[in-house]
Amino acid sequence: MANRLANESSPYLLQHQHNPVDWYPWGDEALARARAEDQPILLSVGYSACHWCHVMEHESFADPETAALMNERFVNIKVDREERPDIDSLYMQAVQQMTGQGGWPMTVFLKPDGSAFYGGTYFPPEPRHGMPSFRQILLGVSEAYTARRDEVDRSAAGLKEALSQGMAVNPEPATVDEATMHRAFQTLAGRFDSRFGGFGGAPKFPQPMIIDFLLRYWSATGVGEALSMAERTLEAMARGGIYDQVGGGFHRYSVDARWLVPHFEKMLYDNALLSATYLAAYQATGRPDFREVAVDILTFVEREMTSPEGAFYSSQDADSEGIEGKFYVWSADEIDAALEPDEASLFRRCYGISEAGNWEGTNIPHMPRSIGEVAAEVGVSEEEIDTILQRARHTLYEKRAGRVQPARDDKVLTGWNAMMMRAFADAGWVLADDHFREVAVANADFLLGEMRSEDRLLRSWRAGTARIDAFLEDHATLVEALVALYRATLDPRWVAEARWVADRMIDRFWSTDEEIFYDTPEDGESLILRPRDIYDNASPSGTSSATRALQGLASLTGEPEYERIATRVVRSMAEVASQVPQAFGHLLGAVAHHLAVPSEVAIVGDPESEDTAALLDVLRTRFLPYTAVALRSPSSDEDIEAALPVLAHRTARGGAATAYVCRSYTCRQPVTTPAELQEEINYAVRH
């Protein structure tokens, strides 16, 4: 018989609907029962693609004896962290305070008022490696709650006070200068793995926000080491097993330091951030391999992670047939059987395929050597090898499609969709690709239609139904995406929509008294504390995204309130960001923007004409992270000047498409040729 989770829409919650555990979703019913019966709450938080969440579900939540113990002594609540990042963030900070680490599945024990008093992550069914069993934990917590309530109360009160102090941190505004960025860069350089790329040892995460900062730091300072760190990391990841060499897209992270063995789940936000970062690196370096990786990621997302309505799904599971990674690995015999002999031999050589395998007797395809090295060995041109490998990958992809597919979490999250929309918009802009632009526009139409209810955004959508009020990260990433979509399409509609979202973000999440952003709306559900997580983790924090969104929108609109709020956040957080840069990658991009004195390029011309396209091409091919681009066509009405003040009083010269390069809305002499525009851009960047 199904439990209460059968009425939920989240695929993660539905995975637990047949557990013998008397699960509740988070809500008034469960909390009221805990208060009425004075029962402790067992809060279990995870997500659909989480391998160890599946393990704990199989070992403990599906076990009748364990479930009976849970039902007897606790009110049991199951939460999808992706639907409720507020609950996840609040109690993850509590677990980190208690244990010094965090992760999923997360298990937290709460008093009926919602205050945490004990917690951890995965607990095994039997004692193992010094860890108590889950049932031992259940008995111990229950006994403490019943017999030693004063200890439980003290623990909960102390933890709540510690969380409150941590969330209240908001240093006084400080001077932000070039030294701030230099300190951050030097710290990152000290942790850089020069052999394999990335930062630190195993496990190793891609950290695209850090790479984005390195590109911006290089652009601002000319320090070549920053660019080489970014290039080395991007190249190593793209050649590793963390990248799906057959189907495209990145897995979550690598369990080793050399990017070979991934945790095999694929998350939408990882692929959104990475595709945007590879595109930026392509602009900065001109390397075609970076462009190809970005295009392959976007192709994977469109093919396997996009709904008929134009929305993007959340993730693909790590497991298939109950085995982690089974869908993605190959034996040498399988490669030989699928490909022609010459193809198989070359594929095995290029992708490190051996009889012994490189992981649990199987092979994770990766590229231990470059195509150039292989070409020199076999006496074949790189172009010919590329052609053969492209054909082989297609054949293997078709063969792999016949396997049991990993489960897909098909819920749609506004914030994650916005990150992916931004990546498609960036590709439409950088590559002048109409198709990628169309994908981004379709997603924007979906989000602003299905995920908007009257005057509010919503967080989660599945099977035609949207639910849960959107959080700060949803609003902020959507503004970032809409600004990028304006640049890709030069349609002023998207500036107006970005302002609509930004104004509601400020009204509902910005505290004018404290001058900080909160993650939940002012009129949102009351938790034990109003959540505020300022750290950039696997995805950007709401605060850093909001700051960068307002900077980008201010560059287009000239709205002083947007710039004022962004500057306030940068000045209050830049110092701590420079000290712990790995926790503030996205925010450091805002610091770099603040120091850069952004420029604007106003173009007046027919968007369909060749001379307008030639001017735009100058801007596409340059890495110009602080340059806003606006277009006025001859047929534009005067309203566009109000929406985009940089276009005010700008006219075409002699009937030709004309560009004005401006700083703080003060423009230099207009130019009409690509060469002249290059010179003006060079001047703006230097000064």
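The structure under discussion appears in the preceding block.
Residues numbered from 1 in each chain as written. Predicted model: local features only at pLDDT ≥ 70, side-chain atom pairs only at ≥ 80, totals over all residues. Heavy atoms only, no water.

S.K.: For this particular structure, what's the right way to read the overall build of the protein chain?
M.R.: When its secondary structure is counted, the protein chain shows 26 helices and 22 strands. Taken over the C-alpha trace, the protein chain has a radius of gyration of 26 Å; the compact-globule value for 687 residues is 26 Å, and the two agree within 12%. Over its C-alpha atoms, taken along the principal directions, the protein chain stretches across nearly 85 × 70 × 45 Å. Of all 687 residues assigned to the protein chain, the portion counted as buried reaches 58%. Working note: accessible area of the protein chain is about 26500 Å², and carbon and sulfur atoms make up 48% of it. Considering the protein chain, the positive charge centre built from 64 side chains and the negative charge centre built from 104 side chains are found 3 Å apart. (Helix = DSSP H or I, 4+ residues; strand = E, 2+ residues; numbered from the N terminus. Rg over C-alpha atoms; globule rule 2.2 N^0.38 Å. Buried < 20%, exposed > 50% of the residue type's maximum accessible area, 1.4 Å probe, protein only. Areas by Shrake-Rupley, 256 points an atom, 1.4 Å probe, with all protein chains shown as cover. Lys, Arg positive; Asp, Glu negative; His and termini not counted. Charge placed at Lys NZ, Arg CZ, Asp CG, Glu CD.)

S.K.: How do you make sense of the packing of helix H14 (residues 341-350) against helix H16 (residues 382-400) when you look at a structure like this?
M.R.: A pair of packed helices is captured by two measures, namely the crossing angle of their axes and the spacing between those axes. Viewed as axis vectors pointing N to C, H14 and H16 meet at an angle of 95 degrees, and their least axial separation amounts to 10 Å. The angle between H14 and H16 places the two elements in the roughly perpendicular class. Of the residues in H16, those in contact with Glu-343, Leu-346, Phe-347 and Cys-350 of H14 are Ile-385, Ile-388, Leu-389, Arg-391, Ala-392, Arg-393 and Leu-396. The residue makeup of the contact of H14 with H16, split by class, is eight nonpolar, no polar and three charged. (Axes fitted to C-alpha atoms, helices over the stretch in contact; angles between N-to-C directions. Parallel < 35°, antiparallel > 145°, perpendicular 65-115°, else oblique. Contact = heavy atoms within 4.5 Å. Nonpolar A, V, L, I, M, F, W, Y, C, P; charged D, E, K, R; others polar.)

S.K.: Any chance you could explain unusual backbone geometry here in plain terms?
M.R.: A negative phi angle characterises most non-glycine residues, just as the trans form characterises most peptide bonds. Residues Trp-104 and Pro-105 are joined by a peptide bond in cis, for which omega reads 5 degrees. Cis rather than trans, the peptide bond between Ala-202 and Pro-203 has omega equal to -10 degrees. Note that Pro-203 resides in the loop between helix H8 (178-191) and helix H9 (208-221). One non-glycine residue, Asp-38, lies in the positive phi region at around 50 degrees. For Asp-38, the position within the fold is in the loop between helix H2 (28-37) and strand S2 (41-46). Asp-38 sits in the partly exposed class, given a relative accessible area of 37%. At Ala-463, a position not held by glycine, the phi torsion is positive, near 55 degrees. For Ala-463, the position within the fold is in the loop between strand S15 (456-462) and strand S16 (465-469).

S.K.: Any chance you could explain helix H18 (residues 434-450) here in plain terms?
M.R.: In an α-helix there are 3.6 residues to a turn, and that puts residues three or four apart on one side. With 17 residues, H18 extends 24 Å from end C-alpha to end C-alpha; this agrees with the ideal 24 Å at 1.5 Å per step. Looking at H18, one finds that the buried residues are Phe-436, Arg-437, Val-439, Ala-440, Asn-443, Ala-444, Phe-446, Leu-447 and Leu-448. Measuring from the backbone nitrogen of His-435 back to the side-chain oxygen at the start of H18 gives 2.9 Å, which picks out Asp-433 as the cap. (Expected span 1.5 Å × (residues − 1). Polar contact = N/O pair within 3.5 Å; in protein donor to acceptor, adjacent residues only side chain to side chain.)

S.K.: Even after reading the chapter, I still don't get the pairing of strand S3 (residues 75-80), so can you show me in this structure?
M.R.: Successive residues of a regular strand alternate their side chains across the two faces of the sheet. Of all six residues in S3, six are buried; the element is thus mostly enclosed. Residues of S3 alternate between two faces, with Val-75, Ile-77 and Val-79 on one and Asn-76, Lys-78 and Asp-80 on the opposite face, all of them buried. Of the strand pairs in this sheet, strand S1 (residues 23-25) and S3 are connected by three bridges, and their pairing is parallel. Across the sheet, the residue bridging to Tyr-24 is Ile-77, located in S3. Judged from the six bridges that link them, S2 and S3 form a sheet pairing that is parallel. (Pairing = 2+ DSSP bridges.)

S.K.: Any chance you could explain H9 here in plain terms?
M.R.: Between its first and last C-alpha atoms H9 spans 20 Å; for 14 residues at 1.5 Å apiece the expected length is 20 Å, and the two agree. Counted residue by residue, H9 has ten buried out of 14 residues, so it is predominantly covered. Gly-222, located one to two residues past H9, shows a positive phi value of around 75 degrees.

S.K.: Looking at this structure, I do not really get the packing of aromatic side chains. What am I missing?
M.R.: Each aromatic ring pair is specified by the distance between its two centres and by the angle formed by the two planes. Going through the model one piece at a time under the given rule, you end up with 26 aromatic pairs. Taking the centre distance of 6.3 Å and the plane angle of 20 degrees together, the rings of Phe-123 and Phe-134 count as stacked. Here Phe-123 is found in the loop between strand S5 (116-120) and helix H6 (134-147), whereas its partner Phe-134 is found in helix H6, with eleven residues between them in sequence. Given a relative accessible area of 1%, Phe-134 falls into the buried group. Clustering of aromatic rings is evident, with ring pairs tying together Trp-23, Phe-61, Phe-123 and Phe-134. Looking at Arg-81, its charged tip hangs above the ring of Tyr-47, at a distance of 5.6 Å from the centre. Its end group placed over the ring of Trp-104, Arg-81 keeps NZ or CZ at 3.9 Å from the ring centre. (Phe/Tyr/Trp six-rings, centres within 6.5 Å; stacked < 30°, edge-to-face > 60°. Lys NZ or Arg CZ within 6 Å of the ring centre and 35° of its normal.)

S.K.: Sorry, what's going on with the state of the cysteines here?
M.R.: Across all of its chains, the model carries two disulfides by this definition. Two residues share a disulfide in this structure: Cys-50 and Cys-53, whose sulfurs sit 2.4 Å from each other. A torsion of 80 degrees about the S-S bond marks the disulfide between Cys-50 and Cys-53 as right-handed. You can call Cys-50 buried: its relative accessible area is 4%. With relative accessibility at 1%, the residue Cys-53 sits in the buried group. Disulfide pairing is shown between Cys-662 and Cys-667; the S-S distance is 1.8 Å. On the sign convention where negative means left-handed, the S-S torsion of about 90 degrees between Cys-662 and Cys-667 marks this disulfide as right-handed. By sequence-ordered numbering of the bonded cysteines, the protein chain has its disulfides arranged as 1-2, 3-4. (Disulfide = S-S within 2.5 Å.)

S.K.: Help me understand the sheet that holds strand S12 (residues 408-409), please; the structure alone is not making it clear to me.
M.R.: Within a sheet, adjacent strands bond to each other through the backbone by hydrogen bonds, running parallel or antiparallel. Taken in spatial order, the three strands line up as S8-S9-S12 in an open sheet, and their pairing is antiparallel. In this open sheet, the two edge strands, each paired with only one partner strand, are strand S8 (266-267) and S12. Pairing between S8 and strand S9 (residues 315-316): two bridges, direction antiparallel. Within S9, the residue paired with Met-267 across the bridge is Ser-315.

S.K.: So what exactly am I meant to see when it comes to the packing of helix H20 (residues 493-509) against helix H21 (residues 542-557) here?
M.R.: Running from N to C, H20 and H21 cross one another at 135 degrees; their axes reach a closest spacing of 11 Å. Classified by the interaxial angle, the pair formed by H20 and H21 is oblique. Seen from above, H20 lies across H21 with left-handed handedness. Of H21, the residues touching H20 (which contributes Val-495, Ala-498, Arg-499, Ala-502, Met-505 and Ile-506) are Ala-546, Leu-550, Leu-553, Leu-556 and Thr-557. Considering only residue class, the contact of H20 with H21 consists of nine nonpolar, one polar and one charged. (Left-handed = near helix turned anticlockwise from the far one by under 90°.)

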